[in-house]
Amino acid sequence: MDTGADPPRHRRLRKASDVRTTAAAYPPRNGLKQIVVEAKARYEAEKNALKLDGSYASRDWLYSFKDWRWKVCLLTPILQRYERWAMRRYVKRVNAFLLAPDNVQQRSIQKLRLQACGRSDFTDQWITEAIGRWGVEDLELVIDNSSWRYDFRLLDGCKNVRLKRLVLSNCYHRFAPNPLTFQSLTSLTLCKESLRMLHVLDILENCAQLVDLRLKDSGCRQPAFSIVIPNSQLKSLQLDNYNTVSVHLASVPYLETFACRGQPTIIRYGDVPRLRHVSLNFLQTGDNGKDDSSGSNRTYQLSKFFGGALPSLEYLVLQLRGRQMWIEPTAIPVRLNHLNKLFIANVPMNWDTIWILCLVAAAPALESLHVHFDNNSEKASAAGSLDVQVEHRPHHHHLKELVVIGFDGAAWQTGFVKQIIQASPMLERAHLLDGHVVEDEDRELVGLEIVRRRREWHECERSEVLRDLADGISSPHLEIVLE
C-alpha cells in the first residue's frame, strides 16, 4: 500500500489522499506468470502450425512439443497458489484499512484505487465503507479476470457520500431505480464488462450532474449507440474502443467535446447545439481486429463521419490510419462553415493526400491547419501522392497558419505544401518540421502534443526545398520555417 510519503503509520493512514492497493504487485507471481504465458503461446503457435500442415509426419511431430504442454501443466498450479496467496494478503491489508473499528479516528480519503485479480467476498463492504464511511471523492474499482455486480442503493442511507468521480472496470450496477449516489457524480468512466448497454443507460438516467463520460474497451459489438439525455449537464463524451457500428448524438444540449477512437464508425449528430470540438481516431482493421494488411476493398467517404444536422464545429482532430487507404477522396457534401482549426495526424506515408485537400475545401473559414505524416509507416509508392490535384482548386482566404509534422522534403510532400500555399493568399507562416505527435490521456480530449525531432538538413538540400516552395509564389508576408 503506497501513500507517496513515509511518515508514521497512523499519520499516513489519516492523511492519505491517494491510496493505491493492488494484488498484482508481487515479483515472484509476475515472473512466473510471464513464463506460463510464454510457454502457452509457444505451445499453441507450434501446435497450430503443425495442424495447418495436413501431412501425417506433421501430426507425428506434434508429440515432440509435449515438453511445452508439460511445462504449462507443471507451472499453472504453482501460479494459482501464488495468486491465492497474493489475494489473501491483499484482502487482509485492504480490510485493515477500510474496515477499521468504529473507534478509529475519522480520516478523509480523497482518491482510492482498488484493483483485484478476481472476486472477493469483501468487495461490497469495501465499496460501501470507502464511499459511505470515509467519504471518497474519486474511486477507481478494477476487477481483473472476472466481473462484479454492486447495488449502489446500499449507499442511499449514508450521510458522508461525497463521490464525484467514479471508474468501474468489470464492475457493473444492479438494475435499481434512482440510486442517490449517481445524482452527485460529475465524472464517470465505464470499462469492459461495465459497458453492458442496459446498465449504461440505467446509470445515465440518474446522473443529473454528470459532466464527463468515458466508455472504454467494450467486449461485445453493439449495433448502435444512441445517447438521449436532454436534461443532463454532460459536456464531454469519449468512446474509446467502444465496439459499435454507429453513434447517434440524439439529444445532448450541453455537449461541447466529443471523441471517438477505434474502428470506423458512422456518426450522426442530432440536438447538440454547443458541440464545438470533435476528435476522431480510427484504424481500419481486419476481421481479427488487427491492422488490416490484406488489401481489403472496404472504403468509406468522409461524409460517413459528418451525418445528420452538423453542429457549428470549431476544432476538428482526425487520425485516420491503416496500411491500406480506406478513405475515398471525394468531396464532402456538408460545409464546415465554422471550422477554424483542423489537425490531421498519423497519416500513413503511402496514403494519397487528395482527401485532405477535399476536407480543407469544405472549411472556408479555416485559419489553422496541422498535418502530421507518420514516418514510421510504409513509404509512399511512386503512384502515391506525387501529383495532387483537386477540381476547381478552391482558395483558402482565411488560412493563416500551416504546420506539417514529419516533413522530410520528399517531392510529394513539397507538392502538397506548395498547393496549400498557392491557394492561401493570407497565409502568414508555413512551419515544416520533423517529429511526431502523442496523445495525453490527462489533457483535453482533442489535444495532441507535437514532439519535435531536430533534423540535420544539408545546406544544399535545404536551399532546394525552399526554392521549390517559393517558386511562382509572391507573398511578402509569408514566412517559411524548415527545421
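What you see is a predicted model; the values in this text were computed from it and never measured. (Residues numbered from 1 in each chain as written. Predicted model: local features only at pLDDT ≥ 70, side-chain atom pairs only at ≥ 80, totals over all residues. Heavy atoms only, no water.)

Draft legend 1. Region of the structure containing the overall build of the chain. Within the chain one finds nine helices and 25 strands. Counting only residues that meet the buried cut, the chain has 47% of its 483 residues in that class. Sequence separation of 24 or more characterises 66% of the internal contacts of the chain that already satisfy a separation of 6 or more. Summing over all exposed atoms, the chain offers an accessible surface of approximately 24,000 Å²; the carbon and sulfur share of this is 49%. (Helix = DSSP H or I, 4+ residues; strand = E, 2+ residues; numbered from the N terminus. Buried < 20%, exposed > 50% of the residue type's maximum accessible area, 1.4 Å probe, protein only. Contact = heavy atoms within 4.5 Å. Areas by Shrake-Rupley, 256 points an atom, 1.4 Å probe, with all protein chains shown as cover.)

Draft legend 2. How the structure looks around helix α5 (residues 123–133). Judged by how many residues are buried, α5 sits mostly within the fold: eight of 11 residues are covered. Looking only at α5, the buried set comprises T123, W126, I127, T128, A130, I131, G132 and R133. Of the residues flanking the end of α5, it is G135, one or two places downstream, whose phi is positive at about 70°.

Draft legend 3. Here's a closer look at the confidence of the model for the chain. Summing up the model confidence of the chain, the mean pLDDT is 79 and the portion of residues at 70 or higher is 79%. Mean pLDDT across the elements of the chain bottoms out in helix α1 (residues 9–15) (38) and peaks in strand β21 (residues 401–405) (96). Note on residues 1–27: pLDDT is under 50 here. Beyond four places in sequence and across chains, it has 53 contacts. Scored below 50 in pLDDT, residues 381–392 shows 15 contacts in the model against residues more than four places distant or in partner chains. (pLDDT = per-residue confidence, 0-100.)

Draft legend 4. Main features of the environment of L163. Topologically, L163 is positioned in the loop between β4 (148–150) and β5 (165–169). In the structure, L163 is positioned 18 residues away from T181 in sequence and 7.3 Å away in space, judged by C-alpha atoms. The contact partners of L163, leaving out residues within four places of it in the chain, are I131, V136, E137, D138, L139, T181, S184 and L185.

Draft legend 5. Summary view of the nonpolar core. L249, F258 and L320 are the most contacted members of the largest nonpolar core, which totals 105 residues. Per-element tally for this core: the top contributor is helix α4 (residues 66–98), with six residues. Core analysis: the second largest hydrophobic core is formed by nine residues, V317, A345, V403 and L433 among them. (Core = buried A, V, L, I, M, F, W, Y, C linked by side-chain atoms within 4.5 Å.)

Draft legend 6. Representation of the packing of aromatic side chains in the model. Tallied over the full model, the rule gives 11 aromatic pairs. Between F373 and F416 the ring centres are 5.9 Å apart and the planes differ by 85°, which places this aromatic pair in the edge-to-face class. With a gap of 43 residues between them, F373 in strand β20 (residues 368–374) and F416 in helix α8 (residues 411–422) connect regions that are remote in the sequence. Here F373 falls in the buried class, since its relative accessible area comes to 1%. For F416, a relative accessible area of 0% translates into the label buried. (Phe/Tyr/Trp six-rings, centres within 6.5 Å; stacked < 30°, edge-to-face > 60°.)

Draft legend 7. Examining the pairing of strand β13 (residues 266–271) more closely. With five bridges connecting them, strand β11 (residues 246–251) and β13 associate as parallel partners. Residue pairing across strands places S251 opposite D271, the latter belonging to β13. Alignment of β13 against strand β16 (residues 307–308), held across two bridges, turns out to be parallel. Directly across from Y269, in β16, lies its bridge partner G308. (Pairing = 2+ DSSP bridges.)

Draft legend 8. Region of interest: α8. For α8, spanning 12 residues, the distance from its first C-alpha to its last is 16 Å, which sits close to the expected 16 Å at 1.5 Å a residue. Most of α8 is tucked away, with nine of its 12 residues classed as buried. Those residues of α8 not exposed but buried are W412, Q413, T414, F416, V417, K418, Q419, I420 and I421. Contact partners of the buried residues in α8: α7 (354–361), β20, β21, β22 (429–433), α9 (459–470) and β25 (479–482). (Expected span 1.5 Å × (residues − 1).)

Draft legend 9. Focus on the sheet that holds strand β9 (residues 225–228). Judged by pairing direction, the sheet is parallel, and its four strands sit side by side in the order β9-β11-β13-β16 without closing on themselves. Both outer strands of the open sheet, β9 and β16, are each paired with one neighbouring strand and no more.

Draft legend 10. Summary view of the packing of α8 against α9. For the pair α8 and α9, the least separation of the axes is 9 Å and the interaxial angle reads 35°. Viewed along their axes, α8 and α9 form a crossing whose handedness is right-handed. Here T414, V417 and K418 of α8 lie close against α9, whose contacting residues are V465, D468 and L469. Class assignment of the residues belonging to the contact of α8 with α9 gives a composition of three nonpolar, one polar and two charged. (Axes fitted to C-alpha atoms, helices over the stretch in contact; angles between N-to-C directions. Left-handed = near helix turned anticlockwise from the far one by under 90°. Nonpolar A, V, L, I, M, F, W, Y, C, P; charged D, E, K, R; others polar.)

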